[in-house]
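Report on the structure
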Amino acid sequence: MITNKPLADSVKLDEIDLSFPGDVLGLVVSITSDGKVSHVMVQHPIGTYDSGYVEDAHEYRFKSRRSEGGTVEGNASSRRVKTNTMTFSFDVEFAATVK
């Protein structure tokens, strides 16, 4: 998850796709245990996108790099995704804590 500002402590990460705070912009990329993208959510000033559950979706990619216990590092990216309200793509390098 990448956001434009910190999330409140009360935000439940396991329910983030159902309760993403309205005043926060962000990208949520869910990864399966075998390293595949299973869900994408984007909250943007002009709209919200929720991919729903995806299986072997070719428009999203995830590449992990070796990291220390409790963290994951890598790259998440997408092809261009077009909806009726917006068009977006992402290419993000990250280092994140695993919860």
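Residues numbered from 1 in each chain as written. Predicted model: local features only at pLDDT ≥ 70, side-chain atom pairs only at ≥ 80, totals over all residues. Heavy atoms only, no water.

Let's talk about the pairing of strand β2 (residues 26-31)
For clarity, the threshold we go by: We call two strands paired when DSSP finds no fewer than two bridges between them. Helix and strand assignments come from DSSP, with helices taken as H or I runs of at least 4 residues and strands as E runs of at least 2, each series counted from the N terminus.
In the sheet, strand β1 (residues 2-3) pairs with β2 via 2 bridges, with the strands oriented antiparallel. Bridge pairing in β2 places I2 opposite L27. The sheet contact formed by β2 and strand β3 (residues 37-44) spans 6 bridges and is antiparallel. Residue G26 lies in a different strand from β3, and its bridge partner there is Q43. Hairpin connection between β2 and β3: a loop of 5 residues separates the two successive antiparallel strands, and G35 in this loop has a positive phi of roughly 80 degrees.

These values are about where atoms sit, not about what they do.
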